[in-house]
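Secondary and tertiary structure notes
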Amino acid sequence: MNPWPRAVYLHVPFCLHHCGYCDFTLVARRDHLIPQWFDCLQRELEQHLAQAGTRLPVDTLFIGGGTPTHLSIPQLRQLGALIDRCFELQPGGEYSMEANPDGLELEKLQALRQIGINRLSLGVQSFDDDVLRLLERTHRADGAAEVVRQAAEVLGSVSLDLMFGVPGQTQSSWSASLERAIGLPVVHISTYGLTWEQGTPFYRRQRNGQLQRAEEELERAQYLLAIERLTGAGFEHYEVSNFARSGHQCRHNLVYWHAEEYLAFGPGAARYVQGVRSTNCRSVVKWLRSWAEGQACVEDEECCDAEQRAREAIMLGLRLRRGFSVEEFERRFGVQLSALAGRALEQGLRRGQLELRDGWLRLTEAGLLLADSVTADFL
Ligand code: SF4
(Lines give C-alpha, C1' and ligand atoms only; values in the text may rest on other atoms or scores of the structure.)
Protein backbone atom coordinates (compact mmCIF):
# COMPACT_ATOMS: atom_id res chain seq x y z
CA MET A 1 0.00 0.00 0.00
CA ASN A 2 1.19 3.51 -0.81
CA PRO A 3 2.48 4.89 2.54
CA TRP A 4 2.32 8.56 1.55
CA PRO A 5 -0.38 10.95 2.72
CA ARG A 6 -3.11 11.66 0.22
CA ALA A 7 -3.41 15.37 1.03
CA VAL A 8 -0.95 17.99 -0.24
CA TYR A 9 -0.41 21.63 0.69
CA LEU A 10 1.70 23.92 -1.45
CA HIS A 11 2.69 27.46 -0.44
CA VAL A 12 2.87 30.41 -2.84
CA PRO A 13 4.52 33.22 -0.85
CA PHE A 14 3.74 36.24 -3.04
CA CYS A 15 1.36 39.12 -2.41
CA LEU A 16 0.66 42.45 -4.03
CA HIS A 17 0.86 44.20 -0.67
CA HIS A 18 1.72 43.16 2.89
CA CYS A 19 -1.36 43.79 5.04
CA GLY A 20 -0.42 45.19 8.45
CA TYR A 21 -1.99 42.39 10.52
CA CYS A 22 -0.62 39.48 8.53
CA ASP A 23 2.25 37.30 9.75
CA PHE A 24 2.02 34.57 7.12
CA THR A 25 5.09 33.53 5.16
CA LEU A 26 5.18 35.92 2.23
CA VAL A 27 6.93 38.69 0.37
CA ALA A 28 5.25 41.65 -1.29
CA ARG A 29 6.49 43.56 -4.32
CA ARG A 30 9.26 41.05 -4.93
CA ASP A 31 7.86 39.34 -7.97
CA HIS A 32 11.36 39.05 -9.44
CA LEU A 33 11.75 36.11 -7.02
CA ILE A 34 8.96 34.13 -8.66
CA PRO A 35 11.16 32.30 -11.24
CA GLN A 36 13.58 31.32 -8.47
CA TRP A 37 10.70 30.12 -6.30
CA PHE A 38 9.56 27.91 -9.19
CA ASP A 39 13.05 26.38 -9.53
CA CYS A 40 13.27 25.70 -5.81
CA LEU A 41 9.75 24.33 -5.56
CA GLN A 42 10.53 21.99 -8.41
CA ARG A 43 13.62 20.78 -6.55
CA GLU A 44 11.67 20.23 -3.36
CA LEU A 45 8.95 18.32 -5.21
CA GLU A 46 11.45 16.27 -7.19
CA GLN A 47 13.30 15.30 -4.05
CA HIS A 48 10.07 14.04 -2.59
CA LEU A 49 9.14 12.27 -5.79
CA ALA A 50 12.51 10.53 -5.83
CA GLN A 51 11.73 9.18 -2.34
CA ALA A 52 8.24 8.14 -3.31
CA GLY A 53 9.44 6.71 -6.61
CA THR A 54 6.23 7.52 -8.41
CA ARG A 55 3.64 10.16 -9.17
CA LEU A 56 1.49 10.15 -6.06
CA PRO A 57 -2.26 9.62 -6.03
CA VAL A 58 -3.91 12.26 -3.83
CA ASP A 59 -7.45 13.13 -2.74
CA THR A 60 -6.91 16.80 -1.92
CA LEU A 61 -4.56 19.49 -3.16
CA PHE A 62 -4.53 22.89 -1.47
CA ILE A 63 -2.55 25.79 -2.90
CA GLY A 64 -2.32 28.48 -0.25
CA GLY A 65 -0.37 31.63 0.39
CA GLY A 66 0.36 34.47 0.26
CA THR A 67 -1.84 35.01 -2.73
CA PRO A 68 -1.51 32.19 -5.28
CA THR A 69 -3.62 34.16 -7.75
CA HIS A 70 -1.02 36.92 -7.64
CA LEU A 71 0.83 34.70 -10.16
CA SER A 72 0.24 35.57 -13.81
CA ILE A 73 -1.79 33.25 -16.04
CA PRO A 74 1.34 31.67 -17.63
CA GLN A 75 2.82 31.20 -14.15
CA LEU A 76 -0.38 29.57 -12.92
CA ARG A 77 -0.28 27.21 -15.89
CA GLN A 78 3.36 26.43 -15.09
CA LEU A 79 2.40 25.67 -11.48
CA GLY A 80 -0.49 23.48 -12.62
CA ALA A 81 1.82 21.51 -14.93
CA LEU A 82 4.42 21.07 -12.18
CA ILE A 83 1.79 19.77 -9.76
CA ASP A 84 0.41 17.44 -12.43
CA ARG A 85 3.82 15.90 -12.94
CA CYS A 86 4.04 15.04 -9.25
CA PHE A 87 0.51 14.23 -8.14
CA GLU A 88 -2.46 12.47 -9.59
CA LEU A 89 -5.65 13.92 -8.19
CA GLN A 90 -8.12 11.08 -7.87
CA PRO A 91 -11.56 11.29 -9.48
CA GLY A 92 -13.79 13.45 -7.30
CA GLY A 93 -10.72 14.95 -5.59
CA GLU A 94 -10.70 18.46 -4.16
CA TYR A 95 -8.30 20.98 -5.71
CA SER A 96 -8.43 24.27 -3.80
CA MET A 97 -6.67 27.53 -4.32
CA GLU A 98 -6.61 30.58 -2.08
CA ALA A 99 -7.20 33.87 -3.84
CA ASN A 100 -7.76 37.55 -3.36
CA PRO A 101 -10.35 39.47 -5.32
CA ASP A 102 -7.67 41.82 -6.70
CA GLY A 103 -6.85 41.15 -10.33
CA LEU A 104 -8.96 38.01 -10.47
CA GLU A 105 -10.39 38.62 -13.92
CA LEU A 106 -12.49 36.21 -15.94
CA GLU A 107 -9.50 35.07 -17.98
CA LYS A 108 -7.57 34.11 -14.84
CA LEU A 109 -10.57 32.24 -13.43
CA GLN A 110 -10.85 30.32 -16.69
CA ALA A 111 -7.15 29.47 -16.52
CA LEU A 112 -7.70 28.13 -12.99
CA ARG A 113 -10.48 25.90 -14.23
CA GLN A 114 -8.25 24.64 -17.02
CA ILE A 115 -5.53 23.61 -14.62
CA GLY A 116 -8.13 21.70 -12.60
CA ILE A 117 -8.94 23.99 -9.66
CA ASN A 118 -12.43 23.10 -8.47
CA ARG A 119 -12.64 25.12 -5.25
CA LEU A 120 -11.68 28.76 -4.67
CA SER A 121 -11.13 30.18 -1.21
CA LEU A 122 -11.47 33.94 -1.45
CA GLY A 123 -10.00 36.26 1.19
CA VAL A 124 -12.79 38.84 1.10
CA GLN A 125 -12.69 39.54 4.88
CA SER A 126 -15.44 42.19 4.83
CA PHE A 127 -18.04 43.85 2.65
CA ASP A 128 -17.50 47.16 4.45
CA ASP A 129 -15.00 49.40 2.63
CA ASP A 130 -14.00 51.16 5.86
CA VAL A 131 -13.09 47.83 7.44
CA LEU A 132 -11.20 46.79 4.30
CA ARG A 133 -9.25 50.06 4.34
CA LEU A 134 -8.38 49.61 8.01
CA LEU A 135 -7.17 46.07 7.28
CA GLU A 136 -5.09 47.56 4.46
CA ARG A 137 -6.77 45.29 1.96
CA THR A 138 -6.49 46.50 -1.60
CA HIS A 139 -9.90 45.31 -2.88
CA ARG A 140 -13.29 46.90 -2.23
CA ALA A 141 -16.63 45.34 -1.36
CA ASP A 142 -18.48 45.76 -4.68
CA GLY A 143 -15.56 44.47 -6.71
CA ALA A 144 -15.22 41.46 -4.39
CA ALA A 145 -18.92 40.62 -4.73
CA GLU A 146 -18.58 40.70 -8.51
CA VAL A 147 -15.54 38.39 -8.36
CA VAL A 148 -17.47 35.95 -6.15
CA ARG A 149 -20.32 35.78 -8.68
CA GLN A 150 -17.95 35.24 -11.58
CA ALA A 151 -15.85 32.68 -9.71
CA ALA A 152 -18.96 30.70 -8.80
CA GLU A 153 -19.98 30.61 -12.46
CA VAL A 154 -16.58 29.49 -13.66
CA LEU A 155 -15.39 27.23 -10.82
CA GLY A 156 -18.59 26.25 -9.02
CA SER A 157 -17.36 25.97 -5.46
CA VAL A 158 -16.46 29.24 -3.74
CA SER A 159 -15.56 29.79 -0.10
CA LEU A 160 -15.21 33.17 1.61
CA ASP A 161 -13.09 34.25 4.55
CA LEU A 162 -14.71 36.91 6.72
CA MET A 163 -13.10 38.66 9.64
CA PHE A 164 -14.59 40.04 12.85
CA GLY A 165 -13.06 41.76 15.87
CA VAL A 166 -11.58 44.47 13.65
CA PRO A 167 -11.02 47.86 15.35
CA GLY A 168 -14.01 50.10 14.73
CA GLN A 169 -16.07 47.28 13.18
CA THR A 170 -19.56 47.63 14.61
CA GLN A 171 -22.07 44.86 15.03
CA SER A 172 -24.16 46.34 12.24
CA SER A 173 -21.18 46.43 9.87
CA TRP A 174 -20.46 42.76 10.68
CA SER A 175 -24.10 41.85 10.29
CA ALA A 176 -24.23 43.55 6.87
CA SER A 177 -21.12 41.65 5.74
CA LEU A 178 -22.67 38.36 6.78
CA GLU A 179 -25.90 39.17 4.97
CA ARG A 180 -24.07 40.13 1.83
CA ALA A 181 -22.04 36.92 1.92
CA ILE A 182 -25.22 34.87 2.42
CA GLY A 183 -26.75 36.54 -0.61
CA LEU A 184 -23.87 35.48 -2.84
CA PRO A 185 -23.42 32.08 -4.52
CA VAL A 186 -20.95 30.71 -1.96
CA VAL A 187 -21.00 27.20 -0.48
CA HIS A 188 -18.55 27.69 2.37
CA ILE A 189 -17.71 30.53 4.77
CA SER A 190 -14.85 30.77 7.27
CA THR A 191 -15.10 33.42 9.99
CA TYR A 192 -12.05 34.46 12.00
CA GLY A 193 -11.43 36.96 14.76
CA LEU A 194 -8.55 39.34 13.97
CA THR A 195 -5.43 38.16 15.77
CA TRP A 196 -2.68 40.51 16.92
CA GLU A 197 0.52 38.74 16.04
CA GLN A 198 3.74 39.89 17.60
CA GLY A 199 6.06 41.56 15.11
CA THR A 200 3.32 42.85 12.82
CA PRO A 201 2.74 46.57 12.23
CA PHE A 202 -0.76 46.13 13.73
CA TYR A 203 0.73 44.75 16.93
CA ARG A 204 3.06 47.75 17.21
CA ARG A 205 0.28 50.22 16.45
CA GLN A 206 -1.87 48.65 19.11
CA ARG A 207 0.97 48.89 21.62
CA ASN A 208 1.40 52.58 20.69
CA GLY A 209 -2.28 53.20 21.23
CA GLN A 210 -2.93 53.92 17.54
CA LEU A 211 -5.23 50.93 17.16
CA GLN A 212 -7.77 49.78 19.67
CA ARG A 213 -8.53 46.10 20.11
CA ALA A 214 -12.21 45.20 19.90
CA GLU A 215 -13.81 44.56 23.28
CA GLU A 216 -13.93 40.86 24.09
CA GLU A 217 -17.66 41.11 24.63
CA LEU A 218 -18.21 42.57 21.17
CA GLU A 219 -16.01 39.94 19.56
CA ARG A 220 -17.99 37.21 21.26
CA ALA A 221 -21.25 38.79 20.12
CA GLN A 222 -19.91 38.96 16.56
CA TYR A 223 -18.97 35.29 16.62
CA LEU A 224 -22.40 34.33 17.98
CA LEU A 225 -24.09 36.47 15.35
CA ALA A 226 -22.15 34.66 12.62
CA ILE A 227 -23.35 31.31 13.98
CA GLU A 228 -26.93 32.52 14.20
CA ARG A 229 -27.06 34.10 10.74
CA LEU A 230 -25.13 31.47 8.84
CA THR A 231 -26.89 28.47 10.35
CA GLY A 232 -30.19 30.33 9.91
CA ALA A 233 -29.33 30.64 6.21
CA GLY A 234 -28.79 26.88 5.90
CA PHE A 235 -25.03 26.62 6.40
CA GLU A 236 -23.89 23.80 8.65
CA HIS A 237 -21.58 24.97 11.42
CA TYR A 238 -19.17 22.05 11.11
CA GLU A 239 -16.01 23.40 12.72
CA VAL A 240 -15.33 26.12 15.27
CA SER A 241 -14.70 28.72 12.52
CA ASN A 242 -16.22 27.08 9.46
CA PHE A 243 -19.64 26.82 7.87
CA ALA A 244 -20.66 24.88 4.78
CA ARG A 245 -23.63 24.12 2.63
CA SER A 246 -24.44 20.42 2.55
CA GLY A 247 -21.64 18.42 0.92
CA HIS A 248 -19.22 21.35 0.79
CA GLN A 249 -17.07 20.95 3.91
CA CYS A 250 -13.42 21.57 3.08
CA ARG A 251 -12.04 18.06 2.64
CA HIS A 252 -8.44 19.21 2.83
CA ASN A 253 -8.92 20.91 6.18
CA LEU A 254 -10.85 17.88 7.45
CA VAL A 255 -7.58 15.96 7.03
CA TYR A 256 -6.01 18.32 9.62
CA TRP A 257 -8.94 18.09 12.02
CA HIS A 258 -9.01 14.31 11.74
CA ALA A 259 -5.30 14.34 12.69
CA GLU A 260 -4.41 12.55 9.47
CA GLU A 261 -1.12 13.03 7.66
CA TYR A 262 -0.39 15.48 4.83
CA LEU A 263 2.49 16.58 2.64
CA ALA A 264 3.56 20.22 2.26
CA PHE A 265 5.92 22.15 0.02
CA GLY A 266 7.15 25.72 -0.23
CA PRO A 267 8.47 28.24 2.31
CA GLY A 268 6.81 28.07 5.72
CA ALA A 269 4.79 24.99 4.75
CA ALA A 270 4.06 22.53 7.56
CA ARG A 271 3.66 18.79 7.03
CA TYR A 272 2.83 15.72 9.07
CA VAL A 273 4.34 12.57 7.62
CA GLN A 274 4.98 9.20 9.23
CA GLY A 275 4.45 10.59 12.70
CA VAL A 276 6.79 13.57 12.22
CA ARG A 277 5.62 17.16 12.13
CA SER A 278 7.99 19.53 10.38
CA THR A 279 7.87 23.08 9.06
CA ASN A 280 9.92 24.58 6.26
CA CYS A 281 11.85 27.81 6.95
CA ARG A 282 9.47 30.70 7.27
CA SER A 283 11.89 33.14 5.68
CA VAL A 284 11.23 33.07 1.95
CA VAL A 285 14.77 34.22 1.16
CA LYS A 286 16.33 31.60 3.42
CA TRP A 287 14.21 28.86 1.87
CA LEU A 288 15.20 30.03 -1.64
CA ARG A 289 18.89 30.17 -0.77
CA SER A 290 18.83 26.74 0.74
CA TRP A 291 17.07 25.06 -2.17
CA ALA A 292 19.26 26.94 -4.66
CA GLU A 293 22.02 24.76 -3.19
CA GLY A 294 19.80 21.70 -3.28
CA GLN A 295 19.39 21.64 0.51
CA ALA A 296 16.07 21.16 2.25
CA CYS A 297 15.25 24.04 4.60
CA VAL A 298 13.38 22.78 7.64
CA GLU A 299 13.03 24.88 10.76
CA ASP A 300 11.10 22.74 13.21
CA GLU A 301 10.90 19.02 13.33
CA GLU A 302 9.14 17.04 15.97
CA CYS A 303 8.69 13.33 16.16
CA CYS A 304 5.32 12.75 17.83
CA ASP A 305 5.12 9.73 20.10
CA ALA A 306 1.92 7.73 20.41
CA GLU A 307 0.67 9.73 23.39
CA GLN A 308 1.30 13.06 21.72
CA ARG A 309 -0.50 11.89 18.58
CA ALA A 310 -3.50 10.84 20.61
CA ARG A 311 -3.61 14.12 22.53
CA GLU A 312 -3.39 16.16 19.34
CA ALA A 313 -6.17 14.11 17.81
CA ILE A 314 -8.43 15.04 20.75
CA MET A 315 -7.57 18.71 20.44
CA LEU A 316 -8.21 18.73 16.69
CA GLY A 317 -11.27 16.48 16.83
CA LEU A 318 -12.95 18.75 19.34
CA ARG A 319 -12.76 21.59 16.84
CA LEU A 320 -15.35 19.74 14.79
CA ARG A 321 -18.87 20.52 15.96
CA ARG A 322 -19.82 16.85 15.89
CA GLY A 323 -16.71 16.11 17.95
CA PHE A 324 -15.31 12.61 17.73
CA SER A 325 -16.38 9.07 18.52
CA VAL A 326 -14.68 7.95 21.73
CA GLU A 327 -14.84 4.29 20.69
CA GLU A 328 -13.19 5.03 17.36
CA PHE A 329 -10.55 7.16 19.07
CA GLU A 330 -9.73 4.40 21.57
CA ARG A 331 -9.48 1.81 18.81
CA ARG A 332 -7.26 4.04 16.68
CA PHE A 333 -4.83 5.00 19.43
CA GLY A 334 -5.07 1.92 21.62
CA VAL A 335 -5.63 3.93 24.76
CA GLN A 336 -8.63 4.75 26.92
CA LEU A 337 -9.64 8.40 26.72
CA SER A 338 -10.21 8.58 30.46
CA ALA A 339 -6.79 7.02 31.18
CA LEU A 340 -5.06 9.45 28.83
CA ALA A 341 -6.83 12.68 29.68
CA GLY A 342 -9.15 11.98 32.59
CA ARG A 343 -8.53 15.29 34.32
CA ALA A 344 -9.16 17.53 31.31
CA LEU A 345 -12.17 15.44 30.41
CA GLU A 346 -13.69 15.54 33.86
CA GLN A 347 -13.03 19.27 34.18
CA GLY A 348 -14.56 20.08 30.77
CA LEU A 349 -17.67 18.00 31.54
CA ARG A 350 -18.05 19.48 35.03
CA ARG A 351 -17.76 23.02 33.73
CA GLY A 352 -20.31 22.37 31.00
CA GLN A 353 -17.76 23.02 28.25
CA LEU A 354 -17.82 19.44 26.95
CA GLU A 355 -20.60 16.94 26.46
CA LEU A 356 -20.53 13.22 25.89
CA ARG A 357 -23.59 12.06 23.99
CA ASP A 358 -24.16 8.74 22.18
CA GLY A 359 -20.46 7.99 22.51
CA TRP A 360 -19.35 11.25 20.91
CA LEU A 361 -17.36 13.88 22.77
CA ARG A 362 -17.87 17.47 21.65
CA LEU A 363 -17.74 21.08 22.78
CA THR A 364 -20.94 22.53 24.17
CA GLU A 365 -22.00 26.03 23.12
CA ALA A 366 -20.32 27.38 26.25
CA GLY A 367 -17.17 25.41 25.37
CA LEU A 368 -17.23 26.74 21.84
CA LEU A 369 -16.61 30.27 23.10
CA LEU A 370 -13.50 29.02 24.90
CA ALA A 371 -12.53 26.47 22.25
CA ASP A 372 -8.82 27.25 22.22
CA SER A 373 -8.34 26.90 25.97
CA VAL A 374 -10.68 23.92 26.45
CA THR A 375 -8.97 21.96 23.66
CA ALA A 376 -5.48 22.99 24.80
CA ASP A 377 -6.20 21.35 28.18
CA PHE A 378 -5.83 17.97 26.41
CA LEU A 379 -2.28 18.59 25.22
S1 SF4 B 1 -3.25 39.42 1.06
FE2 SF4 B 1 -3.53 37.84 2.63
S3 SF4 B 1 -1.61 36.71 2.73
FE4 SF4 B 1 -1.20 38.63 1.61
S5 SF4 B 1 -0.50 40.04 3.18
FE6 SF4 B 1 -2.68 40.37 3.01
S7 SF4 B 1 -3.58 38.99 4.54
FE8 SF4 B 1 -1.46 38.33 4.24
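Conventions we followed
- Residues numbered from 1 in each chain as written.
- Predicted model: local features only at pLDDT ≥ 70, side-chain atom pairs only at ≥ 80, totals over all residues.
- Heavy atoms only, no water.
- Helix = DSSP H or I, 4+ residues; strand = E, 2+ residues; numbered from the N terminus.
- Buried < 20%, exposed > 50% of the residue type's maximum accessible area, 1.4 Å probe, protein only.
- Lys, Arg positive; Asp, Glu negative; His and termini not counted.
- Salt bridge = Lys/Arg side-chain N within 4 Å of Asp/Glu carboxyl O.
- Disulfide = S-S within 2.5 Å.
- Phe/Tyr/Trp six-rings, centres within 6.5 Å; stacked < 30°, edge-to-face > 60°.
- Lys NZ or Arg CZ within 6 Å of the ring centre and 35° of its normal.
- Expected span 1.5 Å × (residues − 1).
- Contact = heavy atoms within 4.5 Å.
- Pairing = 2+ DSSP bridges.
- Axes fitted to C-alpha atoms, helices over the stretch in contact; angles between N-to-C directions.
- Near = heavy atom within 4 Å.
- Nonpolar A, V, L, I, M, F, W, Y, C, P; charged D, E, K, R; others polar.
- Domains from an automatic or database assignment.
- Buried area = accessible area lost by both parts, 1.4 Å probe.
- Polar contact = N/O pair within 3.5 Å; in protein donor to acceptor, adjacent residues only side chain to side chain.

**A short note on the side chain of Asp 161**
- With respect to the helices and strands, the residue Asp 161 is situated in strand E7 (residues 157-164).
- At 7.4 Å, Arg 119 is the nearest oppositely charged side chain to Asp 161, a buried residue that forms no salt bridge.

**Quick look at the state of the cysteines**
- Under the criterion given, the structure shown has 1 disulfide.
- In this model, Cys 281 is linked to Cys 297 through a disulfide, with the two sulfur atoms separated by 2.0 Å. Taking the sign of the S-S torsion, about -95° here, the bridge from Cys 281 to Cys 297 comes out left-handed. Taken as a pair, Cys 281 in the loop between strand E13 (276-280) and helix H10 (284-292) and Cys 297 in the loop between H10 and strand E14 (298-303) lie far apart in primary sequence, 16 residues in all.
- Here Cys 281 falls in the buried class, since its relative accessible area comes to 3%.

**Some words on the packing of aromatic side chains**
- Counting across every chain of the model gives 13 aromatic pairs.
- Taking the centre distance of 5.4 Å and the plane angle of 55° together, the rings of Phe 164 and Trp 174 count as tilted. Taken together, the residues Phe 164 in strand E7 and Trp 174 in helix H6 (residues 171-182) connect sequence positions 10 residues apart. For the residue pair Phe 164 and Trp 174, the accessibility class agrees, reading buried in each case.
- Ring centres of Phe 329 and Phe 333 lie 5.0 Å apart, and the angle between their planes is 40°; this geometry places the pair in the tilted category. A residue pair is termed a helical-turn pair when its members lie 3 or 4 positions apart in one helix, as Phe 329 and Phe 333 do in helix H12 (residues 326-333) at 4 residues. There is no split in this pair, since Phe 329 and Phe 333 are both buried.
- Through pairs of rings, three or more aromatic residues link up here, namely Phe 14, Trp 37 and Phe 38.
- If you follow Arg 277 out to its NZ or CZ, it ends over the ring of Tyr 272, 3.9 Å from the centre.

**Description of the pattern of salt bridges**
- Here the structure, examined in full by the defined rule, presents 19 salt bridges.
- Several salt bridges converge on common partners, so that one network encompasses Glu 239, Arg 319 and Asp 372.

**What about helix H2 (residues 73-86)?**
- The terminal C-alpha atoms of H2 lie 20 Å apart, and with 14 residues this matches the ideal 20 Å at 1.5 Å per residue to within 8%.
- Residues Ile 73, Leu 76, Leu 79, Gly 80, Leu 82, Ile 83 and Cys 86 constitute the buried set of H2.
- Among the structural elements, strand E1 (7-12), helix H1 (34-52), strand E4 (56-65), strand E5 (87-99) and helix H3 (106-115) are those in contact with the buried residues of H2.

**A closer look at the sheet that holds strand E10 (residues 242-244)**
- In space, the 9 strands of this open sheet follow the order E9-E10-E8-E7-E6-E5-E4-E1-E11, with mixed pairing throughout. Looking at strand neighbours, the two that pair on one side only are strand E9 (236-239) and strand E11 (263-265), the edges of this open sheet. Across this sheet, the average inter-strand angle for adjacent strands is 20°, counted without regard to direction.
- As paired elements, E4 and E5 share 7 bridges and run parallel to each other.

**Concerning the site of the ligand**
- Neighbouring the ligand are the residues Cys 15, His 17, His 18, Cys 19, Tyr 21, Cys 22, Phe 24, Leu 26, Gly 66, Thr 67, Asn 100 and Arg 137.
- A breakdown of the residues in the shell around the ligand according to their chemical character gives 6 nonpolar, 5 polar and 1 charged.

**A look at the domain arrangement of the chain**
- Domains assigned within the chain are domain 1 (7-257) and domain 2 (320-379).
- Put simply, the middle of domain 1 and the middle of domain 2, counted by C-alpha atoms, are 29 Å apart.
- Of the residues lining the interface, 10 residues belong to domain 1; the matching set on domain 2 comes to 6 residues.
- Interface of domain 1 and domain 2: buried area, both sides summed, is about 640 Å²; carbon and sulfur atoms make up 81% of it.
- Between domain 1 and domain 2 we count 0 salt bridges in total.
- Where domain 1 touches domain 2, the interface holds 1 residue pair in polar contact (both at pLDDT 80 or more).

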